[in-house]
Amino acid sequence: MKHLYLFSAPRLALSIWCTLVGCLAIAGSPVFGKPYPADFPHVLPVVIDRTVSGRVTDATTNEALAGCTVLLKGSSKGTTTDANGDFRLVIPDDKPATLVIGFIGFVQQEIVVGAQTTINVSLKPSAAELTQVVVVGYGTATQRDMTGSVKSIKSTDFNRGIINSPEQLLQGKVAGVNVTSASGEPGSAQSITIRGPGGVRTGSTPLFVLDGIPLDNSSTGGATNPLNFLNPQDIEAIDVLKDASATAIYGARGANGVVLITTKKGKAGASSINLSANVGISNLTRPLAVFSADEYRRQVVAVGGVLDDQKGNTDWQKEISRQAITQNYNLAFSGGADKLTYYASFGVQNQEGILKNSKLNRYTGRINATQKFLDDRLSLDVNLTASYTLNERPPIESLIGGAISANPTYPAYDATGAPYKYQGGTNPLITLALQKDLTTINRVVANLSPSYKLTKDLVYKLNLGVDNSNSVRDLQSLANAVPQQDGRLESIYLTNRNLLIENYFTYTKGFGSHNLTALLGHSYQNFYIQGRSWSVNKFPISPIEPIYNPGLGQDLSLANNRPGGYAIQNELQSFFGRVNYQYKDRYLLTATVRADGSSKFGANNKYGVFPSLSVGWRLSEEPFMQGSLFSDLKLRAGYGLTGNQEIPSKITQALFTSQVGPTTSYPLDGTTSYPAGTSYTRLANPDIQWEVSGQADAGLDFGFFNGALYGSVDYFRKVSSKILLEVIPADPVQPASTYWTNVPNMTITNQGVEVDLNYRYTSGQGLRFSIGGNITFINNEVRNSPYSVITSGSATGSGLTSATINGYVNGQPIGTFFLKDFTGFDDKGISTYRDADGDGIVTDKDRISAGSALPTKQFNINGTLAYRGFDLAVNFNGVSGNKLYDNTANANFYKLRLSKGINTTPEAIQFANESINNSAPVSTRFLKDGGFFRLNNAALGYTLNPKRIGINKGITGIRLSATGQNLFVITNYNGYDPEVNTDRTINGISSYGIDYLSYPKARTFVFGLNLTF
């Protein structure tokens, strides 16, 4: 496998060399290598300390502000206010002292202590949006200084309830970001798209960066979201980089946007313990409207079918589902001393799914620490998280398919209480009992990041990171007599490892009215994935499950149980730089460039260079704008290039296969005996290069009434080119049936407008409220494709095998439904379709572009209301302009099936003139409106002062809360839920907007208690 390590040795050596250079720079700094000065005191003077206490309140409402930072200026000594706004700080009495008191959303104050021992402070609200600190990749900036399109969401604004992954925290919070749950299954994959998808095979998932470690988007095992390992309670903020001027610092991985996740840190001088407990109750929200037993009896007879009536009355959807309970417990410790701060947490979440035998259990631990040395010149950051997840899944598609089709007159259980066994079908409860899909994942993510201030203006930082996961997935089928089934066990082992070494220097300097920040760095990242699998057949009927004793299996032949495996290693080396320049705090410029080299690409195009440039003009700082209505007004514009390397590994290299058969060899002795032969299955192409996205953005940020009303408007245009595809050779005489290439001139364009608007109000009587929202108008178009259609979206169901649903068509959006146009029925009750090309016959050539799964409008509304100890938060989200293909109805709900005694919904009999002999091929008949408007979550809380109930000793805060999730949805879609995307990818080409037997979504109520000590 030596050829896999395309540049490991020299690149790793370069990373180590950069690290050594940084260490030498530190060693050569003014602090190291020098003896104590002659006048260094060998006897330290005695320092007398004294205590300063006080209270911090809101200057507008006079309410206490809990969590304010109170720091001794010029040191790291400090504390935070408790739930009553009170603080107590010990300071040295040997020199003048100044306290710096700050809180997010308020103007910071500095108070000279003098002889005071009690200091009460009232903070005035500020234009918080402007002073908000944003993580931008290899650094931070304030919102007022940003020239790119970046949105920061703090933990106080996250969605609440049962949360499994960080994408759910963001849903509806950021303009241009569309988060879609693939299903309602616990831990299911989340689809997140930033300003539309830009590739055919490369998907739309953005790059996730956790505390400086870029994560690999590949699976860590099983069918769950790889980001489920993160405890949402540990996340402090999520920053979304949307345009190329912001994402270009991540070069080859920035085309789909970047999501930066920052976890919580401790604060110097403040120690606290936080304990939270939550219990959630979930129920099936929108069961499919299949016929009840009585209606089934009438309708089967009405369509001329033969009724098999077993006198039962069974709601099969109810039988396979349950009221699910979720328990979530978190314990967090945080605090710090003069030189050391820490945050540590332990979390447990046990979530039952609303389908029986479905659950996700997650156990997490985290520790973040920062230690300062050498008069605070050297700072060492350590971040470590470890998690264990256990995911159990029933056979979802067969379980739901059986429940919505089963005869409702059959009883669920027999006289003995066992699942009823009947001929001509399978009781879904038996399916539930016989099948199991169990995945366990252990994952550790850690990084060590020392930084050293070489001079007053120059800082060197080293970032060493590792992300390692190991998983085991067991697919078990128990042996059974009725229905007859052999026992089987298949086990899949997966290792996923990601190593990171980064070195970079940051230079910051002010020259009068000029301010300059420059960044220069190098990064090396190594990805290793290995998978192995084996299986055993013919287990006997036994009380011992195959998972616990695979040796009971009786079939270990290579013909049926050949072990499998693979290994993939990829490397990424990068050089990057960025310059931020400000003049008079009004004129802003950001220039970025990153050069990436990836082992995924051909020898002739291994490196790509991705530059960007953006500018900003803070008009509100101009003299002619003083006294205007605007508290903030900023114009910004930028353009840049980003890449996409999320393609299959090794596709630039030739692939061979060796086997015995007529396709790889021929008889040499005039008989039919074929010797072993080797042939190409893929040709080498060293010219394959990066997909590239060029993105332009123009935006306006504004604020009125001292920031009470603020928002932004952005226009964006993103054009993706050099689209990578696996295509059929033009010359049919080829050793391989397909080859990989960048399609010349083909582009995918996303363009649109984002509007974000927020208003907040605080009264003098303690009433606070805010209301805000965002809307995105977006259009997507495929252009200059040399193919009439690139098909995707395989249909499933009887008679639908090999049928496709989606197509990539010139002049149409990605996710376009390419279907025959259903026009009704002929006089015999057989479906008719439009002859689109007018040749007199209906064939696949008559398929039309019938709409897209991509929404053209995304809209979100959020609001908060607080009065004294009570607070309420609500979040609505919705989309429109998109279609959904109901493959569930296509495969199950038509008159022919009802006539055979298979249960359906009223959709099967909506056409009185349809024949019971009519089949239901893929067509616009089952294409439906996918728009919706949902109350995603609503949370009501009460913060109780412990003094009022006499338990303030040791307890500084008590909070009670009740949260509802998925409280209602307004939609024309009659499936389980309109927010769905079943993966029906064909040959790696992404599909969109297909619903096939998807796990239904739940309505959930969560009750919580939070204690702070």
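The model shown is predicted, which means the values in this text are computed figures rather than measured ones.

Draft legend 1. Structural view of the overall build of the chain. Regarding its fold elements, the chain presents 11 helices and 51 strands. Against the compact-globule benchmark of 31 Å for 1013 residues, the chain has a radius of gyration of 31 Å, which places it among compact chains. For the chain, the C-alpha atoms occupy an extent of roughly 100 × 75 × 65 Å along the three principal directions. Residues counted as buried form 53% of the 1013 residues belonging to the chain. For the chain, restricting intrachain contacts to residue pairs at least 6 apart in sequence, the fraction spanning at least 24 positions comes to 70%. Per element, the accessible surface of the chain, about 43400 Å² overall, is 58% carbon and sulfur.

Draft legend 2. Molecular detail of the sheet that holds strand 47 (residues 927-929). Pairing within the open sheet is mixed, and its 3 strands lie in the order 47-46-50. Edge strands, defined here as strands with exactly one partner in the open sheet, are strand 47 and strand 50 (994-995).

Draft legend 3. Representation of the sheet that holds strand 15 (residues 235-241). Spatial ordering of the open sheet is given by 10-15-16-13-14, a layout of 5 strands whose pairing is mixed. Looking at the sheet topology across the chains shown, the edges are occupied by strand 10 (150-154) and strand 14 (213-214). Here strand 10 pairs with strand 15 via 5 bridges, running antiparallel. Bridging from a neighbouring strand, Ser152 pairs with Asp239 of strand 15.

Draft legend 4. Region of interest: the nonpolar core. Within the largest apolar cluster, 57 residues are counted, with the highest numbers of intra-cluster contacts made by Val200, Ile404, Ile805, Tyr808, Tyr885 and Val922. When residues of this core are assigned to their parent elements, the largest contribution, 5 residues, is made by helix 7 (residues 396-405). Not counting the four nearest positions on each side in its chain, Ile404 is found in contact with Leu288, Val290, Gln317, Thr888, Asn892, Phe893, Asn903, Thr904, Tyr976 and Leu997. Leu169, Leu170, Leu227 and Val240 belong to the second largest nonpolar core, which has 24 residues in total.

Draft legend 5. Region of the structure containing the pairing of strand 2 (residues 69-72). Of the two faces of strand 2, only one is covered, namely that formed by Val70 and Leu72; the face formed by Thr69 and Leu71 stays uncovered. Of the strand pairs in this sheet, strand 2 and strand 3 (residues 78-80) are connected by 3 bridges, and their pairing is antiparallel. Note that in strand 3 the partner of Thr69 across the bridge is Thr80. Sheet topology note: the strand 2/strand 5 (residues 98-102) ladder contains 4 bridges and is antiparallel. Paired with Val70 across the bridge in strand 5 is Ile101.

Draft legend 6. Inspection of the environment of Thr117 at higher detail. Mapped onto the secondary structure, Thr117 falls in the loop between strand 6 (109-112) and strand 7 (118-123). Separated by 540 residues in the primary sequence, Thr117 and Thr657 have C-alpha atoms spaced 82 Å apart. The residues touching Thr117, leaving out its near neighbours within four places in the chain, are Arg50, Thr51, Val52 and Ser53.

Draft legend 7. Expanded view of helix 5 (residues 293-302). Considered for burial, the residues of helix 5 that qualify are Ala293, Tyr296, Arg297, Gln299 and Val300. On its buried face, helix 5 sits against helix 11 (895-899). In the stretch just after helix 5, Gly304 is the one whose phi turns positive, near 90°.

Draft legend 8. Structural view of unusual backbone geometry. Here the residue pair Val482 and Pro483 is connected by a cis peptide bond, since its omega of -5° sits within 30 degrees of zero. Following the sequence through the fold, Pro483 ends up in the loop between strand 23 (458-477) and strand 24 (487-511). Notably, Asp376 is not glycine yet its phi reads approximately 70°, a positive angle. Among the secondary structure elements, Asp376 is positioned in the loop between strand 20 (359-373) and strand 21 (378-393). Unlike most non-glycine residues, Asp585 shows phi in positive territory, near 60°. Here Asp585 lies in the loop between strand 26 (564-583) and strand 27 (587-598).

Draft legend 9. Local environment of the pattern of salt bridges. Applying the stated criterion to the full structure yields 43 salt bridges. For the salt bridge of Glu907 with Lys928, the shortest nitrogen-to-oxygen distance reads 3.1 Å. You can see Glu907 sitting in the loop between helix 11 and strand 47 and its partner Lys928 sitting in strand 47, a full 21 residues away along the chain. For the pair shown, Glu907 and Lys928 are each scored as buried. Beyond isolated ion pairs, a larger network of salt bridges with shared partners links Arg195, Lys242, Lys634, Arg636, Asp697, Asp701, Asp714 and Glu754.

Draft legend 10. Fine view of the side chain of Ser614. By the secondary structure assignment, Ser614 is in strand 28 (residues 607-618). At 2.6 Å, the side chain of Ser614 forms a polar contact with the side chain of Thr147. Contacts of Ser614, omitting those with residues within four sequence positions, involve Thr147, Ser245, Leu588, Leu589, Thr590, Ala637 and Gly638.

Draft legend 11. Region of the structure containing helix 7. Extensive coverage of helix 7 is indicated by the burial of 7 of its 10 residues. Within the sequence span of helix 7, burial applies to Ile396, Leu399, Ile400, Gly401, Ala403, Ile404 and Ser405.

Draft legend 12. Representation of the packing of aromatic side chains in the model. Evaluated as defined, the whole model comprises 25 aromatic pairs. Ring geometry for Phe870 against Tyr942: centres 4.5 Å apart, planes inclined by 40°, an arrangement best described as tilted. Of the two residues, Phe870 is situated in strand 45 (residues 870-880) and Tyr942 in strand 48 (residues 932-944); the sequence distance between them amounts to 72 residues. Relative accessible area serves as the criterion here: at 48%, Phe870 is assigned to the partly exposed category. What links up through ring pairs into an aromatic cluster is the set Tyr138, Tyr250, Tyr504 and Phe576.

Draft legend 13. Structural view of a nonpolar patch on the surface. A contiguous nonpolar surface patch, about 580 Å² in accessible area, is contributed by Tyr761, Phe769, Ile771, Ile861, Leu865, Leu872 and Leu940. Relative to the assigned elements, Leu872 resides in strand 45. Judged by relative accessible area, Leu872 falls into the partly exposed class, the value being 34%.

Draft legend 14. Inspection of the environment of Gly139 at higher detail. Relative to the assigned elements, Gly139 resides in the loop between strand 8 (133-135) and strand 9 (140-142). For Gly139 and Gly565, which are 426 residues apart along the polypeptide, the C-alpha to C-alpha distance reads 41 Å.

Draft legend 15. Seen up close, the confidence of the model for the chain. Taken over all residues, the pLDDT of the chain has a mean of 88, while the share at 70 or more is 93%. For the chain, helix 2 (residues 128-131) is the element with the lowest average pLDDT, namely 52, and strand 47 is the one with the highest, namely 97. In this model residues 30-47 is a low-confidence stretch, pLDDT under 50, and it forms 11 contacts with partners more than four residues away in sequence or in other chains.

Draft legend 16. Up close: the environment of Lys356. Mapped onto the secondary structure, Lys356 falls in the loop between strand 19 (340-352) and strand 20. On the accessibility criterion, Lys356 (23% relative accessible area) is partly exposed. Counting along the chain gives 588 residues from Lys356 to Leu944, while the straight-line C-alpha distance between them is 38 Å. Setting aside anything within four residues of it in sequence, one finds Lys356 in contact with Glu319, Ile320, Ser321, Arg322, Pro394, Tyr413 and Leu432. At a separation of 2.7 Å, a polar atom in the side chain of Lys356 contacts the main-chain carbonyl oxygen of Glu319.

Conventions and cut-offs
Residues numbered from 1 in each chain as written. Predicted model: local features only at pLDDT ≥ 70, side-chain atom pairs only at ≥ 80, totals over all residues. Heavy atoms only, no water. Helix = DSSP H or I, 4+ residues; strand = E, 2+ residues; numbered from the N terminus. Rg over C-alpha atoms; globule rule 2.2 N^0.38 Å. Buried < 20%, exposed > 50% of the residue type's maximum accessible area, 1.4 Å probe, protein only. Contact = heavy atoms within 4.5 Å. Areas by Shrake-Rupley, 256 points an atom, 1.4 Å probe, with all protein chains shown as cover. Pairing = 2+ DSSP bridges. Core = buried A, V, L, I, M, F, W, Y, C linked by side-chain atoms within 4.5 Å. Salt bridge = Lys/Arg side-chain N within 4 Å of Asp/Glu carboxyl O. Polar contact = N/O pair within 3.5 Å; in protein donor to acceptor, adjacent residues only side chain to side chain. Phe/Tyr/Trp six-rings, centres within 6.5 Å; stacked < 30°, edge-to-face > 60°. Patch = residues over 30% accessible without salt bridge, like charges linked within 9 Å, V, L, I, M, F, W, Y side chains within 5 Å. pLDDT = per-residue confidence, 0-100.

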